[in-house]
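A structural walkthrough
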Amino acid sequence: MEPLKQHTGLVYPLNRTNVDTDQIIPKQFLKRIERQGFGQFLFYNWRFNEDGSKKEEFSLNDPVYEGASILVGGENFGCGSSREHAPWAIQDFGFKVVIAPSFADIFYNNCFKNGILPIQLPIETTENMIKEAEDHPYELKVDLEKQEVTDGSRTVSFDIQPYHKEMLLNGWDEIAVTLTYQDKIDQYEQKLS
Amino acid sequence: MGQAKTIIEKIWNKHVVHEEEGKPDLLYIDLHLVHEVTSPQAFEGLRMSGRKVRRPDRTYATMDHNVPTVHRNVIKDAVSKKQMETLKANCEEFGVDLADIDHPDQGIVHVIGPELGLTQPGKTIVCGDSHTSTHGAFGALAFGIGTSEVEHVLATQSLWQSKPKTMEVKVEGKLGTGVTAKDLILAIIGKFGVRFGTGHVIEYTGEAVRNLSMEERMTVCNMSIEAGARAGLISPDETTVNYLQGRRHTPSGKEFDVAVDEWLSLASDEGAKYDQTVSIHANEIEPQVTWGTNPSQSVPVGGNVPDPLEVAEDADGVQRAIEYMGLEAGQSIQSIPVEHVFIGSCTNSRMSDLRRAADIVKGGRVHEGVKAIVVPGSQTVKQQAEAEGLDTIFLTAGFEWRDAGCSMCLAMNDDIVPPGERCASTSNRNFEGRQGNGARTHLVSPEMAAAAALEGRFVDVRKFASAVGG
């Protein structure tokens, strides 16, 4: 996994609550057996008509957000299905950071396994970011080491578990880390039998 | 005597392999259930790193999401077929037991785990599927994981997990006649919202929960994820023990007695403290129907679609949901016509669900213009239902009687609700496009779905004598 230390990018505001993983990546795209290439299907039913043409009214199709790499969403982002295809699609589309007032647990956890930084911030802050980004091209700089997000004039700090932070900063392969505890797992299993 | 503990703490403490300040705990996983959709990339990851499945004997796989429910010897969709073949090849390569599409045990992973007795109290159970919370009905700590974690469990039989907060959802009193476990969980989510459980494991307690059968408990725990909870469970008791006795993977003889003592000792201690407690009165609950695009958007069957101008919060979201659903603010639920009825899914596809739906259907006729299907949760359920003649009741009334799978709950196979059409569904999610792009889903109990099939619109199932024991 690619380490993520700092990131500066354009914000894409998605002013909706309870964005579920069925919206992030609809089920018809879960049949693939690969990990790559899901970005083209991100928010598919919101972005495209039945005939495959773009829905102009959906904001992600607006050229002003082209190249956005920070998604700011609403409460309970990523709820529903555990499908990791959701963070795969978000990452493959080009997003590195997702900011929301609250996240669903499984989605939040899945992000870290894929080099995406999910940041939980107070709703007043996220709503303000959404307003700014809807208004004009809006960039944020995220510093994971310092646990800070800034737009140049305003800086907010965020909480993150030290374990998650280290994992992203180092781009760890979690399984390789766990296998260093193999003797502990062996001991545990010996007790079981 | 130590401090009073919840079942959640007891199971957790027994499974900690390693703990360290400032880190999540490394938690041992007793049972790993696997299906075709969320596993291929995990097995591929193992292959690429030259790793093995640590405990194939603690891993069990089936095919459910993609499988056709008719003519299953021919799988038309090449991509689905490839995904199923990939699971088969992976299970063979890594030595994992698989109930494939031709296997008599095949079925929805959350139906067959309990059915085979793999699901037991006190176990930690994971699966790359959010409805893994279903297994919590047995007093197991069961939760859904992503594909990276599937790979992690395959390789190490463990997971790094932060200790969850605990929440008690207390259900006092008794459920009325014609009011089911499905109505109970919809009412709980309706009252407290789709994220009240975030970061928590829920334990359901109280008289109404104790009175539920195992299958009803599974319906309740199944939808814990719809409340945002990491898991939901119910302390084991005699009902749990009676269900498990004699199942294929349950211990037998003296070993069973030892297991029972251990299982019952897991129940939350009197006076155990939860981080949060909420409560609801069972006697206030009526048959529920969802009108919107998340599972908290439900009302009693006698109610109306809300008016966005009158809701306390998220008026935009309510407006969007009403538009998507093709409804009008203030419209009565019983005026909503349905074109599809789906009885099935890991929430409501077990024997008791089918029996109760059949009681409503018996002697009736599916309403003109309604396409109604029954999809048993497993091939075992299907066989048993046929032995009891339930298939005849459904078929005579004009329902289709299918083979087991997830089917129209998420429409990954051919069982799709067309754009703009409306479905009364016993499944768990009414998200936009869940049952097909543009499809409109209303979540209900099996009885309510059966009644809607006969009447062509939502009706109060309590008007059927068979629903109230008449």
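How each quantity is defined
- Residues numbered from 1 in each chain as written.
- Chains lettered and ligands numbered in written order.
- Predicted model: local features only at pLDDT ≥ 70, side-chain atom pairs only at ≥ 80, totals over all residues.
- Heavy atoms only, no water.
- UniProt positions renumbered as here; feature names shortened; annotations may be inferred.
- Helix = DSSP H or I, 4+ residues; strand = E, 2+ residues; numbered from the N terminus.
- Contact = heavy atoms within 4.5 Å.
- Areas by Shrake-Rupley, 256 points an atom, 1.4 Å probe, with all protein chains shown as cover.
- Lys, Arg positive; Asp, Glu negative; His and termini not counted.
- Charge placed at Lys NZ, Arg CZ, Asp CG, Glu CD.
- 1 Å grid on protein atoms, 1.4 Å probe; cavity = no way out; pocket = protein on both sides within 12 Å on 5 of 7 lines; lining within 4 Å.
- Points joined across faces, edges and corners; volume = space filled by probe spheres on them.
- Domains from an automatic or database assignment.
- Nonpolar A, V, L, I, M, F, W, Y, C, P; charged D, E, K, R; others polar.
- Salt bridge = Lys/Arg side-chain N within 4 Å of Asp/Glu carboxyl O.
- Polar contact = N/O pair within 3.5 Å; in protein donor to acceptor, adjacent residues only side chain to side chain.
- Axes fitted to C-alpha atoms, helices over the stretch in contact; angles between N-to-C directions.
- Parallel < 35°, antiparallel > 145°, perpendicular 65-115°, else oblique.
- Left-handed = near helix turned anticlockwise from the far one by under 90°.

By the naming in an unreviewed UniProt entry, chain B goes by 3-isopropylmalate dehydratase large subunit and is assigned to Halobacillus salinus. Listed in UniProt under the heading Function (unreviewed entry), the comment for chain B reads: "Catalyzes the isomerization between 2-isopropylmalate and 3-isopropylmalate, via the formation of 2-isopropylmaleate." The record in UniProt for chain B states the following under Subunit (unreviewed entry): "Heterodimer of LeuC and LeuD."

Per an unreviewed UniProt entry, chain A is named 3-isopropylmalate dehydratase small subunit, and its organism is Halobacillus salinus. In UniProt, chain A has this text filed under Subunit (unreviewed entry): "Heterodimer of LeuC and LeuD." A UniProt comment under Catalytic activity (unreviewed entry) is attached to chain A, and it reads "(2R,3S)-3-isopropylmalate = (2S)-2-isopropylmalate".

Right, let's talk about the overall build of chain A for a bit. On a plain count of helices and strands, chain A comes out with 8 helices and 7 strands. C-alpha extents for chain A along the principal axes are approximately 60 × 45 × 25 Å. Across chain A, contacts joining residues at least 24 apart in sequence account for 66% of those joining residues at least 6 apart. Accessible area for chain A stands at about 8300 Å²; split by element, carbon and sulfur atoms hold 44% of it. Mean positive and mean negative side-chain charge positions of chain A (19 and 31 charges, respectively) differ by 3 Å.

This next bit is on the UniProt feature "domain: Aconitase A/isopropylmalate dehydratase small subunit swivel" (unreviewed entry) in chain A. Those places that UniProt annotates as "domain: Aconitase A/isopropylmalate dehydratase small subunit swivel" (unreviewed entry) correspond, in this numbering, to residues 1–122 of chain A. Summarising residues 1–122 of chain A: 20% helix, 16% strand, and an end-to-end C-alpha distance of 29 Å.

The tally for this structure, following the rule as stated, stands at 3 cavities of 30 Å³ or more. Approximately 230 Å³ is the volume attributed to the largest cavity. Lining the largest cavity we find 25 residues, and of these B:His65, B:Asp129, B:His131, B:Leu410 and B:Arg434 sit closest to its centre. Looking at the lining of the largest cavity, you find at least three residues from each of domain 1 (7–278) and domain 2 (287–468) of chain B. Reported here for the second largest cavity is a volume of approximately 60 Å³. Considering the residues around the second largest cavity, the lining is formed by A:Lys31, B:Asn66, B:Pro68, B:Ile75, B:Lys76, B:Asp77, B:Ser80, B:Met412, B:Asn413 and B:Asp414. Looking at the lining of the second largest cavity residue by residue, the class counts come to 3 nonpolar, 3 polar and 4 charged. The residue makeup of the lining of the second largest cavity includes at least three contributed by each of domain 1 (7–278) and domain 2 (287–468) of chain B.

What follows deals with the domain arrangement of chain B. All names here are of chain B. Assigned domains within chain B: domain 1 (7–278) and domain 2 (287–468). Of note, the centres of domain 1 and domain 2, computed from C-alpha atoms alone, are 25 Å apart. In this assembly, 45 residues from domain 1 lie in contact with 49 residues from domain 2. On inspection of domain 1 and its partner domain 2, the count reaches 1 salt bridge. A salt bridge links glutamate 226 to arginine 429, with the nearest nitrogen and oxygen atoms 2.8 Å apart. Taken together, the connections running from domain 1 to domain 2 amount to 24 residue pairs in polar contact (both at pLDDT 80 or more). The biggest single contributor to the side of domain 1 that touches domain 2 is helix α6 (residues 181–192), with 6 residues.

This part takes up the packing of helix α12 (residues 351–361) of chain B against helix α13 (residues 379–387) of chain B. Residue and element names in this part refer to chain B. It is the contact of α12 with α13, at a shortest axis distance of 10 Å, that shows an interaxial angle of 40 degrees. By the angle class used here, α12 and α13 are oblique. The two elements α12 and α13 meet at a crossing, and its hand is right-handed. Along the contact surface, α12 presents Met351, Leu354 and Arg355, while α13 presents Val381, Gln384 and Ala385. Across the contact of α12 with α13, the residue classes tally to 4 nonpolar, 1 polar and 1 charged.

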